Amino acid sequence: MNQLLAYIPAFPLIGFLILSLFGRKLPKPVIATIGAGTVCIAAIITIVLGVSFLQTPPAGGAFHQLLWSWFKVGKLSIDISLQVDALTLVFIFIITFVGALIHIYSTFFMWHDGDYARFFASMNLFVCAMLLLVMADNLVLLYLGWEGVGLCSYLLIGFWYEVPSNCRAANKAFLITRIGDTALLIGLFLLFRELGTLNIQGILQQAPAHFTTGSANIVLITILLMIGGMGKSAQMPLQTWLPDAMAGPSPVSALIHAATMVTAGVYLIARMHGLFQLSPVTMTIVAIIGACTLLVAGCSALAQTDIKRILAYSTISQIGYMFLALGVGAWSAAIFHFFTHAFFKALLFLAAGVVIEALHHEHNIFMMGGLRKRMPIVFVTFLAGAAALSALPLVSAGFFSKDAILWYSWSAANGNVFLWLMALAGAFITALYSTRLMLVVFWGEPKTPVHEAPAQGMIIPLIVLAFFSVTAGFIEWPHNMMHLTLFSDHVQKVLPETIMKAYLPSEWFFQAIAALVTGAGIYLGYTMYYGKAGVRWQQSPGLASTREFLFSGWKFDQLYNFIFVKPFLFLTRINKSDVIDRMYNGIAQGSLRLSNWFSVSQNGSLRLYIVGVLAGILFIITLQLLL
Amino acid sequence: MILVLMIGILLLGGIACWLVAQRSAMAARYVALIAVIMAFVIPLGWFIQNKPAITGANKWLVQYQANWIPAFGISFHLAMDGLSFLLIQLTFLLGVLAVLCSWNEIRERSGFYFFNLLWTLAGIAGVFVAMDLFLFYFFWEVMLVPMYFLIAIWGDFNRRYAAYKFFIFTQTGGLLMLLAILALYFIHGQQTGNYTFDYFALLNTTLGGATGRWIMLGFLIAFVIKLPMVPLHNWLPDAHSEAPTAGSLILAGLLLKTGAYGILRFVLPLFPQASAAIAWWAMLLGVVGIVYGALLAFAQTDLKRLIAYTSVSHMGFVLLGAFAFNEIALQGVVMQLLTHGVSTGALFVMAGMLKERLHTRDINQMGGLWTAMPQMGGLALVFVMASLGLPLLGNFIAEFLILMGSFPVNPVLTVIASVGLVLAALYSLRIAQKVFMGQLQVVSERPADLSAREWIIMACLTAAIICLGLYPQPVFDLVKGAFFVTGYQLPVAGVSN
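Positions within a chain are numbered from 1, following the residues in the order the chain's sequence is written. Just so you know, chain letters begin at A and ligand numbers begin at 1, following the order they were written in. A pLDDT threshold of at least 70 governs which residues receive local features in this predicted model, and a stricter bar of 80 or more applies before side-chain atom pairs are shown or counted, although totals over entire chains, interfaces and linings include all residues.

- Going by what an unreviewed UniProt entry lists, chain B is known as NADH dehydrogenase and is assigned to Niastella vici.
- UniProt positions are given in the numbering used here, feature names are shortened, and annotations may be inferred rather than shown by experiment. Under the UniProt heading Sequence similarities (unreviewed entry), the entry covering chain B gives this text: "Belongs to the complex I subunit 4 family."

- As annotated in an unreviewed UniProt entry, chain A is NADH-ubiquinone oxidoreductase chain 5 from Niastella vici.
- Regarding chain A, the relevant UniProt record gives this comment under Catalytic activity (unreviewed entry): "a ubiquinone + NADH + 5 H(+)(in) = a ubiquinol + NAD(+) + 4 H(+)(out)".

Rendered as structure tokens:
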């Protein structure tokens, strides 16, 4: 089985190489076969690997494969070497399986695009890089994947590069995540200085002996890693790039900016859990950041009108839940939420893509409406996704994962009532904006004509994802309901169990409150958006400024513009011609001027020369007499 | 003997070009191409055939020594170790590409042009193998003067100004170096009674306090002007942007490397104590260069000037790493020399290709070229990414190792240098955005995509940068021999007096 590992990223890589080198000459069906086929093969290998992993767990809990020694300098020895343990298995399953569905969908979605090959080349490269990120057995290889997915994200956000705003969005995404990446890199330097290795297993083994809990170094290291994760996972205050990233094609938003890449930060923190456990301060910060992000982004989602931006803010908010879970030490709950979220959020984006296509690239939800009858399959699948997003009890996957996070945000040893309340408020808001989205898009009056029915090939991935959005949660039940904990049993081979508080009220109590809150959110949405269009609070003038504030994402962009962008542009603009050059030009001009002055003395007038000579003699004699 | 051969071929080939060009310009091109390819193949073929083992006892792959002016202790002493070998190979690889770049660009006096090109290459190659300080100085000048002509005759609009500036800056440095060499010569002579310019003899000179520091500064200033270090970098943007494409390629790819090579070969081993004493300042200036160069690069609208300032930024890493005095950082420095040569060279070549098509260097007049030239757009992206240090490409390995090695020595400066990575993303993406993305500007005719000749150039560079990124170990193994055997004493970090 060990030998299979390399094939998983290798197939998408081969797809990328073929498509990028010869893509322009190939006919579209061939491009589609290569583009989607390679990822499907990777998914099949992953499933084979997964089955074997579950049946006969490998010795030491992980498959390993050493490909080659990357570089070895002094004490620093880095291999290109892959590793699949229980945690990685979850991630590669999602990446290849959801990735394959999205690729199949894309072969139809992108059919009319002129740059068909470039799209699939970038997507394949993305899958390869993302797989390397989660399969890397050392942090440098992880960083390679980390930057690789950033590159692909950049390429795909700017896929339609003729439009300047798309390029700006791509640049913004790359730069803001780069800030996080640089922090991560500095974290690696610090780790290497302290431990002398960058191998993940090595670090996790040595760390408890080397660092005392809460010492300055470990706090610094974990904070740097956390900033890296915040950049990629769009957590506050580095979240501003993700809504703009929706400039890319919808499948890209589904795969990269919802299901996989943006959860890289969650993966990183979960992967390095041994370090974070040594630094309770950082854990608390992670939890607070998650809780704040989920509220801030959730509120922004409430005010958006662009269907993809609503989903983007909801992604930020859901990843906020994952961070919250990581922060309180509910490791497996965080990964479980990643697992279910990947299905339902990919589904929502793909379904949104279908809607947008069918309505002549209309993004504004208030220009949609009445799609329930006209696109029944899309409606049903979207409903499954929205139900999962708002965590409808028992009938959606989102309930099982989010309920666990809500429970642990109070009951875990790191948890407390404030985190719980924030998470609860987030659940209310999520239910509210999900209901709003559903009602506005699928109920009410039709406002834009539907111009064509979506292709069958796009519907099938939707149905598969909808199926998982409903059922994926059934593998992990709350303890009080049923003793079925397949998922946490699996990931807890790698991740530690959550440490709980000593005296706790009944879990039923929390579940009831969560269900009530979700219900209240849905009910409020229903009262506000169902029925006539005239009585919506959007139109109330008193709230205009609040709406505007939320719509702009709490003005973070404006703030950064003011603090960073403008001063930077000003600084570079005034020094465009390099102030140091002035110094040298000054020297040159000074010499020239001196030369002009002295050349006055050499004017060919004999009389002046004689005067000069006499004056000199006089001067010397005077000097002689005086001394 | 191969060392003499490869330099001799270039010198003779240059003269042959000049003579042949009287009859046919085409013939001159072929003579130049063949001469450089031979120079490239000779050391490479020799290396592959002999597979010289680098052991602790013998780090020198090959040596050649002959008397030149014995009365003054000057000998014609050439030697090549792993470091020299790599830089020589880089020199001739870029040399071949430089000839190919000039194929259609140079239409006037092409014989004299190729003469200058080949002589510059010969000078650079000589600098990398000369083990006699007088000879070193000689080659240092040989590479300078023909370069001056390349800029002054075949350059762009503002070429005279750029050429003068280049000449005055480097010549000032050269003068200081000559003084330092002479001082070293006399001090060593007085100490041992043996007046010689031989590198290996001079390595044993004991230099105390102030004298050592002044002599070291003489060398160092000459080298950091070439490198270049802020604030001595001002010749570079002008020279790079005004030079013809091949000139920019050689300037960025090779000439800057001679400065770094000088630091590694002469400053650190000859003056370990004096180097350790100024290490902090050198690292600081390196970091200043990284940040300052990046800020300036971001502001430029002239494509070649922009790329020129990125060199200032990237070479800051060299200074930072060289004065961290540990294996990881130094290996990173050597890697940076190779990868920067390839990646920045490629960007300059690309700028040249764009200029041939669009007749402008102003990025505000470009845009949307990906649509017109998808192949070039794709390749350009590779080098833009190399420039911002994307893993998988060689530059990442180099900068990663430099930062990794410097971090324990000076965390604060290393962290500031790491900020340079964000700035690198800023200016690099700006190239991609302004030139290749956006709407295709209305031009009279759609620019053509890469020709076969241009494909060869870009394919070589792309292959090189990816190989260096994915399998850099051979480079490290070769260089390890140069640095970490007896005879090369690393200054000890933190020692100052």
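Having seen it, we continue.
1. Looking at the overall build of chain B
Right, so step 1: In this description a helix means any DSSP run of H or I spanning at least four residues, a strand means any run of E spanning at least two, and both kinds are numbered starting from the N terminus. Helix and strand content of chain B: 19 helices and two strands.
Right, so step 2: The globule rule used for comparison is 2.2 Å times the number of residues to the exponent 0.38, while the radius of gyration itself is calculated over C-alpha atoms. For 497 residues, the compact-globule estimate of 2.2 N^0.38 gives 23 Å, and chain B sits close to it at 22 Å.
Right, so step 3: With the C-alpha coordinates of chain B rotated into their principal frame, the extents come out at 75 × 60 × 45 Å.
Right, so step 4: Between the buried cut of 20 or more and the exposed cut of 12 or fewer other C-beta atoms within 10 Å of a residue's own C-beta lies the partly exposed class, and all C-beta atoms are placed from the backbone. Buried residues in chain B amount to 62% of all 497 residues.
Right, so step 5: By the criterion used throughout, residues are in contact when their C-beta atoms, derived from the backbone, lie within 7 Å. The contacts of chain B with a sequence gap of at least 6 include a subset with a gap of at least 24, amounting to 81%.

2. Comments concerning the domain arrangement of chain B
Residues and elements named next belong to chain B.
Right, so step 1: Domain assignment breaks chain B into domain 1 (1–52 + 59–270) and domain 2 (279–482).
Right, so step 2: Taken together, the contact between domain 1 and domain 2 spans 35 residues of the former and 36 residues of the latter.
Right, so step 3: For the side of domain 1 that touches domain 2, the elements supplying multiple residues, two or more each, are helix H3 (82–105), helix H9 (235–242) and helix H10 (245–270).
Right, so step 4: It is H3 that contributes the most residues to the side of domain 1 that touches domain 2, 13 residues altogether.
Right, so step 5: Taken together, the residues of the side of domain 1 that touches domain 2 sort by class into 24 nonpolar, seven polar and four charged. Note: domain ranges come from an automatic or database domain assignment. In the scheme used here, Gly and all other residues not listed as nonpolar or charged are polar, with Ala, Val, Leu, Ile, Met, Phe, Trp, Tyr, Cys and Pro taken as nonpolar and Asp, Glu, Lys and Arg as charged.

3. Description of unusual backbone geometry
Right, so step 1: Cis geometry is adopted by the peptide bond preceding A:Pro237, which originates at A:Met236 and carries an omega value of 0 degrees.
Right, so step 2: Structurally, A:Pro237 is set in the loop between helix H8 (216–232) and helix H9 (241–244).
Right, so step 3: Put simply, B:Val230 and B:Pro231 share a cis peptide bond, and its omega is 10 degrees.
Right, so step 4: Among the structural elements, B:Pro231 can be located in the loop between helix H8 (209–226) and H9.

4. Re the UniProt feature "domain: NADH-Ubiquinone oxidoreductase (complex I) chain 5 N-terminal" (unreviewed entry) in chain A
Right, so step 1: The feature "domain: NADH-Ubiquinone oxidoreductase (complex I) chain 5 N-terminal" (unreviewed entry), as given by UniProt, occupies residues 70–120 of chain A in the numbering adopted here.
Right, so step 2: Annotation note: span residues 70–120 of chain A, helix share 57%, strand share 27%, distance between end C-alpha atoms 28 Å.

5. With respect to the confidence of the model for chain A
Right, so step 1: For chain A, per-residue confidence averages 88 on the pLDDT scale, and 98% of positions sit at 70 or higher.
Right, so step 2: At the level of individual helices and strands, chain A shows its lowest average pLDDT in helix H23 (residues 544–551) of chain A, which scores 81, and its highest in helix H11 (residues 264–271) of chain A, which scores 93. The quantity known as pLDDT measures the predictor's confidence residue by residue, on a range of 0 to 100.

6. A few points about the interface of chain B and chain A
Right, so step 1: The interface of chain B with chain A comprises 40 residues on the first partner and 38 residues on the second.
Right, so step 2: Elements represented by at least two residues in the side of chain B that touches chain A include exactly helix H11 (272–299), helix H13 (327–358), helix H15 (374–387), helix H16 (394–409), helix H17 (411–436) and helix H19 (473–483) of chain B.
Right, so step 3: Among the elements that make up the side of chain B that touches chain A, the one with the highest residue count is H17(B) (ten residues).
Right, so step 4: By residue class, the composition of the side of chain B that touches chain A is 28 nonpolar, eleven polar and one charged.

7. Considering the environment of A:Gln55
Residue and element names in this part refer to chain A.
Right, so step 1: Its location among the elements puts Gln 55 in helix H2 (residues 28–55).
Right, so step 2: Accessibility expressed as a C-beta count within 10 Å gives 7 for Gln 55, which makes it exposed.
Right, so step 3: Put simply, Gln 55 and Ala 330 are 275 residues apart on the chain and 26 Å apart in space, counted from C-alpha to C-alpha.

8. A look at the environment of B:Leu133
Residues and elements named next belong to chain B.
Right, so step 1: Inspection of the secondary structure puts Leu 133 in helix H5 (residues 133–154).
Right, so step 2: Classification of Leu 133 by C-beta neighbours within 10 Å gives buried; the count is 26.
Right, so step 3: The sequence separation of Leu 133 and Gln 375 amounts to 242 residues, and the corresponding C-alpha distance is 46 Å.
Right, so step 4: Excluding residues within four positions of it along the chain, Leu 133 makes contact with Ile 181, Phe 197, Tyr 199 and Leu 202.

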